[in-house]
Amino acid sequence: VMPQLGVDETLFYRTSKDADLSRKFGIQPTDFVVGYVGRFVEEKGLLTLAAALAGLKKHPWKWLLVGQGKLRSQIAEKSLEWGISDKIIWVESVSHEDVPPYINLMDCLVLPSQTSYKFKTLTTVGWKEQFGHVLIEAMACKIPVIGSDCGEIPHVIGDAGLIFPEGNAEKLRECLDELMERPELAADLGDRGYNRVMNNYTNKALAEHLLEFYKELFA
């Protein structure tokens, strides 16, 4: 049992989409905004997500990428090749306390981390997602989440989101299609995620769990 950093529910909570940010990024009311927050590196599976998005044909969408990293140039290159570069919104250098408005712009957040990744000459093997803190931040905002089955992601999400096999762009695309076509499912997952975070992942909830553990040791 290890203490961990929880989510601050006074900072991360559901709000309406920021109208000024929507106008700034050219987000239309009909756009389904797929979000990612974190480092742009191979092991985060962003090229798998790009490939999944490139195959979406039924609904208008945007891809909101908040973060930075060495993989950005390759994401841009593949997105241009696949004809989706005009759908990407790049946001860099956002402080942690300023992230919530961007998460609340999203219709879902995806964490597509991969244990082993190969693209051209790039390979990472043996790394696993240790937690995925951005998942609980999105869940606290009632944003439905999609995660790969890498490392701890399925355990964090539980039954409050969708899981796909890591590196499988086709299965990830199916998850995205399902959320786009079933708004009632997206709303249900948003509520489930919120309840899961409130019960398990706020700092107060984590402190209570840790206290119970210490009580068991003393007993």
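Per chain, residues are indexed from 1 in the order of the written sequence. Thresholds applied to this predicted model are a pLDDT of at least 70 for local features of residues and 80 or more for the giving and counting of side-chain atom pairs; totals over whole chains, interfaces and linings are not thresholded and use all residues. Side-chain calculation: all heavy atoms of the structure are included, whereas hydrogens and water are not.

Peer 1: An account of the sheet that holds strand S8 (residues 161–164) is requested, with residue identities and associated values reported.
Peer 2: The strand order S3-S2-S1-S4-S7-S8 describes an open sheet built from 6 strands, whose pairing is parallel. Each having just a single partner strand, strand S3 (88–91) and S8 make up the two edges of the open sheet. Strand after strand, the sheet turns through a mean of 20° between neighbouring axes, direction not considered. Two strands are said to pair when DSSP picks up at least two bridges between them. Strands are runs of DSSP state E lasting at least 2 residues, helices are runs of H or I lasting at least 4, and numbering of each runs from the N terminus. Sheet analysis places strand S1 (residues 32–39) next to strand S4 (residues 108–111), joined by 2 bridges and oriented parallel. Across the sheet, Gly35 pairs through a bridge with Leu109, a residue of S4. In this description, a line fitted to the C-alpha atoms serves as the axis of each element, helices being fitted only across the stretch in contact, and the angle between N-to-C directions of two axes falls anywhere from 0 to 180 degrees.

Peer 1: Explain the layout of surface pockets residue by residue, including any values.
Peer 2: By volume, the largest pocket is sized at about 180 Å³. Residue lining of the largest pocket: Tyr36, Val37, Gly38, Arg39, Lys44, Leu111, Glu129, Gln130, Phe131, Gly132, His133 and Val134, and that is the complete set. Among the elements of the structure, S1 and helix H5 (133–140) are those that each provide at least two residues to the lining of the largest pocket. Among the elements that line the lining of the largest pocket, the one with the most residues is S1, at 4 residues. Under this grouping Gly is polar, as are all residues other than the nonpolar Ala, Val, Leu, Ile, Met, Phe, Trp, Tyr, Cys and Pro and the charged Asp, Glu, Lys and Arg. Taken together, the residues of the lining of the largest pocket sort by class into 5 nonpolar, 4 polar and 3 charged. Put plainly, a pocket is an open set of points on a 1 Å grid over the protein atoms alone with protein on both sides within 12 Å along at least five of seven lines, a cavity is a set where a 1.4 Å probe fits but cannot get out, and a lining residue has an atom within 4 Å of a point. Grid points are joined across faces, edges and corners, and a volume is the space filled by probe spheres set on the points.

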